[in-house]
Amino acid sequence: MRIKSQRGLSLLGVLVVGALAAFVLVVGFRTVPVINEYMSVKRIIGILAEEADNGTPVLELRRSFDRRGQIDDVSSVKGADLVIDRTGTRTVIEVEYSRSVPLIANVSLLFDLHPSTEQR
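Computed from a prediction, not measured in an experiment: that's the story for all the values here.

Q: Pulling in residues and values, what's your account of the nonpolar core?
A: Within the largest apolar cluster, 18 residues are counted, with the highest numbers of intra-cluster contacts made by Val-41, Leu-48, Phe-65, Val-77, Leu-82 and Ile-93. The set of elements that each furnish at least two residues to this core consists of helix H1 (11-53), helix H2 (58-71) and strand E3 (97-104). A per-element tally of this core places H1 first, with seven residues.

As structure tokens, then:
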């Protein structure tokens with residue numbers, strides 16, 4: 001009779017894998033709102049660049065951003081933060097901002113974001 005060696009995780013292995021999985025889930029859950037906001041800002045400035053190409057004044061573009069940002073729950077960027085460049089035939093709108101997301105205790109993630117319509 002041959003004795004087969006056992007396979008599997010020990011209790012310590014399960015705890016380590018569980019802690020790593022929990023950390024990855026916490027980071028994932030905390031970063032999803034930041035990514036959603038970034039995508040909303042990028043979509044809004046794309047729409048505004050189209051409007052600006054049609055001759056909409058800069059002040060109206062900033063107000064439109066504030067209104068659309070309120071609907072899409074954009075809190076990190078305001079219309080006054082937009083950099084609007086009307087050189088040539090195309091309008092380029094960009095904004096640069098940072099967003100800090102607390103993880104655990106005094107550990108945070110910092111996102112430096114720079115959405116732009118330069119390559120549309």
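That was the structure; now back to the text.
Q: Now, about the side chain of Thr-56: what can you tell me, with residues and values included?
A: Mapping Thr-56 onto the fold places it in the loop between H1 and H2. Within the local environment of Thr-56, its side chain forms a polar contact with the backbone oxygen of Glu-51, the two atoms lying 2.9 Å apart. If we ignore the near neighbours within four places in the chain, the residues touching Thr-56 are Glu-51, Leu-61 and Arg-86.

Q: I'd like a rundown of H2, residues and numbers included.
A: The α-helix advances 3.6 residues per turn, and as a result positions three or four apart in sequence lie on the same side. Across its 14 residues, H2 extends 20 Å between first and last C-alpha, which sits within 8% of the 20 Å expected from 1.5 Å per residue. On the buried face of H2, the contacting elements are H1 and strand E1 (83-85). Count one or two residues on from H2 and you reach Asp-73, which has phi positive near 60°.

Reading guide: rules and limits
- Each chain has its residues counted from 1, following the order in which its sequence is written.
- Given that the model is predicted, a residue must reach a pLDDT of at least 70 before its local features are reported, and side-chain atom pairs must reach 80 or more before they are shown or counted; all residues, however, enter totals for whole chains, interfaces and linings.
- Processing note: side-chain calculations cover all non-hydrogen atoms of the structure and skip hydrogens and water entirely.
- We define a nonpolar core as any set of buried Ala, Val, Leu, Ile, Met, Phe, Trp, Tyr and Cys residues linked to one another through side-chain atoms lying within 4.5 Å.
- Here the term buried applies to any residue with accessible area under 20% of the maximum for its type, exposed to any over 50%, and partly exposed to those in between, with areas from a 1.4 Å probe on protein chains only.
- Think of it this way: any DSSP run of H or I at least four residues long counts as a helix, any run of E at least two long counts as a strand, and we number them from the N terminus.
- Between N or O atoms, a polar contact is any pair within 3.5 Å; within protein, one atom must be a potential hydrogen donor and the other a potential acceptor, and residues adjacent in sequence are included only when both atoms are from side chains.
- Should any heavy atoms of two residues lie within 4.5 Å, those residues are considered in contact.
- To estimate the expected span of a helix, count its residues, drop one, and scale the result by 1.5 Å.

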